[in-house]
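# Examining the three-dimensional arrangement
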Amino acid sequence: MSRLLAVCALLVALVLSGPAGAVTIERVVSPGGIEAWLVRDHANPILAVEVSFRGGASLDPAGKTGLATMTAALLDEGAGPYGSQAFQRRLEDRVIGLSFDAGRDALRGHLKTLTEHRDEAFDLLRLALTAPRFDAPAVERIRGQLLTGLMRESESPEHLAARAWFAAAFPGHPYGRSPRGDIATVKTITVADLKSEVTRQLARDRMTIGVVGDIDPPELGRLLDATFAGLPARGAALTVAETRADTHGQSERIARAIPQTVANFGLAGIKRDDPDWYAATVMNHILGGGGFASRLTETVREKNGLAYGVWTALIPLDHAGVLFGGVATENSRFDQSLALIRQELRRMRDDGPTETELADAKTYLNGSFPLGLDSTSAIAQLLVQMQTDRLGLDFLDRRPGLINTVTAADVRRVAARLLDPDALALVAVGPAAP
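Residues numbered from 1 in each chain as written. Predicted model: local features only at pLDDT ≥ 70, side-chain atom pairs only at ≥ 80, totals over all residues. Heavy atoms only, no water.

### Comments concerning the overall build of the protein
What the protein contains, in helices and strands, is 16 helices and eleven strands. Radius of gyration (C-alpha) of the protein: 23 Å, near the 22 Å computed for a compact globule of 434 residues. Summarising its shape, the C-alpha atoms of the protein cover approximately 60 × 55 × 35 Å along the three principal directions. In the protein, which comprises 434 residues, the proportion classed as buried is 51%. Across the protein, contacts joining residues at least 24 apart in sequence account for 81% of those joining residues at least 6 apart. Roughly 19100 Å² of accessible area belongs to the protein as shown, and the carbon and sulfur atoms make up 54% of that amount. (Helix = DSSP H or I, 4+ residues; strand = E, 2+ residues; numbered from the N terminus. Rg over C-alpha atoms; globule rule 2.2 N^0.38 Å. Buried < 20%, exposed > 50% of the residue type's maximum accessible area, 1.4 Å probe, protein only. Contact = heavy atoms within 4.5 Å. Areas by Shrake-Rupley, 256 points an atom, 1.4 Å probe, with all protein chains shown as cover.)

Put into structure tokens, the structure is as follows:
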């Protein structure tokens, strides 16, 4: 497996390489002072752009949860002189991909175009950001789609468990609310709310841009000014408070007559800028983030046959960190599965990893990372993330070393810091307890 990952990583590196033999990230600043990070690739006439605005659903006003998500969904539903159908027709006729979405900490735009249509693609992006129409038919159609999705989620054990877990872990904080909102709040969102959201969220001072593809810095600088200079210089103040997941062993069961119990569990984690981030990354891979190679899968699934899937993940939010996990198992065997999950958390905390586990985790984390950079859009997203997390232009060169320097003692230290089985917060969806 290690040898296969190394070969795959080499192949991906060769695919991504430019004339100099390696990916080069350039910091481009337009004449108007707008910054973007660029990876030039003239091998194919394609250009991908990712733009992110800090804030997102965490800034939704009280009683208007889902506003950022609904706003994002409507940005490409008509802008400037083009109604929804005309705007979409221009995108389709020129094979331009343009979409927007919102998460807890950001509202994001995604653009992909052939080089021959890039001027029009950037102009349509400009119109979507600076002159969205919010025509009534489009607003009601998107509202209907969101409400339908929320009604489906209300019957989904996975969505119910995740919503309830975050609500319990972040009471009274924006992270306790779903970015998609609720049926009641989405029904109340008005066109005036949507227009206000654009003014509050889409501003240059909270914007991050990544670009990959067939373009040179001078041309990119021109398009950056043409596209983004019309945005307000500053948005509304970012007022989201720093917080910590409130996990103290609480447990909640949501009664549903389903054949298996679906659960989410978790603890307070760490943010991306924490010095222990790479040790926590290695620890999580060994514990539950490594798929079939993880301890939880080995113990819960392979040895005991209790669940098809069990996993953990580090979630680094802007204002908090979470160590989150999930499992689904036969109702009568859920308590046994949960006991084994706690057992493995305790074993990692008390004993740490074996040397073999540590070496295999490092090999996988370094070997698999390039495999995720399989498209211009994926690389553009990474460029945005690197800027948001302040990782530096040389991060891709430094990352393997940051993983490789993690020791067993580092993993034990971070496990002792993060893994408290008795504090594990749990939400289970399944039949009512007898």
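### Some points on the pattern of salt bridges
Two side chains bearing opposite charge may form a pair once their charged atoms approach each other closely. Applying the stated criterion across every chain, the model contains 30 salt bridges. The partner of Arg 94 in a salt bridge is Glu 120, and the shortest N-O contact between them spans 2.6 Å. You can see Arg 94 sitting in the loop between helix H3 (84-93) and strand S4 (97-102) and its partner Glu 120 sitting in helix H4 (residues 118-130), a full 26 residues away along the chain. Glu 140 serves as the salt-bridge partner of Arg 143, at 3.1 Å between the closest nitrogen and oxygen. Remark: Glu 140 and Arg 143 occur in helix H5 (residues 136-153); sequence separation between them is three residues, near one turn of the helix. The buried category is assigned to Arg 143, whose relative accessible area is 10%. Owing to a relative accessible area of 44%, Glu 140 belongs among the partly exposed residues under this scheme. One network of salt bridges, with partners in common, ties together Asp 274, Asp 276, Asp 410, Arg 413 and Arg 417. (Salt bridge = Lys/Arg side-chain N within 4 Å of Asp/Glu carboxyl O.)

### Points about the environment of Gly 221
On the secondary structure map, Gly 221 appears in helix H9 (residues 217-228). Overall, the relative accessible area of 4% leaves Gly 221 in the buried class. Along the backbone, Gly 221 and Ile 34 are 187 residues apart, and their C-alpha atoms lie at a distance of 7.8 Å. The residues touching Gly 221, leaving out its near neighbours within four places in the chain, are Val 28, Ser 30 and Pro 31.

### Concerning H9
Spanning twelve residues, H9 covers 16 Å between terminal C-alpha atoms, matching the ideal 16 Å at 1.5 Å per step. Every buried residue of H9 is listed here: Leu 220, Gly 221, Leu 223, Leu 224, Thr 227 and Phe 228. Buried residues belonging to H9 abut strand S1 (25-29), strand S2 (35-40), strand S3 (46-54), H4 and strand S6 (207-213). (Expected span 1.5 Å × (residues − 1).)

### Side note on the sheet that holds strand S8 (residues 260-268)
One open sheet accounts for five strands, arranged S7-S11-S8-S10-S9; its pairing is mixed. Two strands lie at the open edges of the sheet, namely strand S7 (251-255) and strand S9 (307-316), each paired on one side alone. Neighbour-to-neighbour, the strand axes of the sheet open up by a mean angle of 15°, direction not taken into account. In terms of strand pairing, S7 meets strand S11 (residues 425-430) through five bridges, oriented parallel. Considered in S11, the bridge of Ser 251 is made with Leu 426. (Pairing = 2+ DSSP bridges. Axes fitted to C-alpha atoms, helices over the stretch in contact; angles between N-to-C directions.)

### Considering empty space enclosed by the protein
According to the stated counting rule, one finds one cavity of 30 Å³ or more in the structure shown. Size it by volume and the largest cavity reaches roughly 40 Å³. Taken together, Phe 265, Gly 266, Leu 267, Leu 287, Thr 312, Leu 323, Phe 324, Gly 325, Leu 345 and Leu 424 make up the full set of residues lining the largest cavity. Elements supplying a minimum of two residues to the lining of the largest cavity: S8 and strand S10 (321-330). Its residues placed into classes, the lining of the largest cavity shows seven nonpolar, three polar and no charged. (1 Å grid on protein atoms, 1.4 Å probe; cavity = no way out; pocket = protein on both sides within 12 Å on 5 of 7 lines; lining within 4 Å. Points joined across faces, edges and corners; volume = space filled by probe spheres on them. Nonpolar A, V, L, I, M, F, W, Y, C, P; charged D, E, K, R; others polar.)

### Things to note about the UniProt feature "domain: Peptidase M16 C-terminal" (unreviewed entry) in the protein
Sequence positions flagged by UniProt for "domain: Peptidase M16 C-terminal" (unreviewed entry) are, in local numbering, residues 189-364. Overall, residues 189-364 shows 41% helix and 23% strand. The separation of its end C-alpha atoms is 46 Å. (UniProt positions renumbered as here; feature names shortened; annotations may be inferred.)

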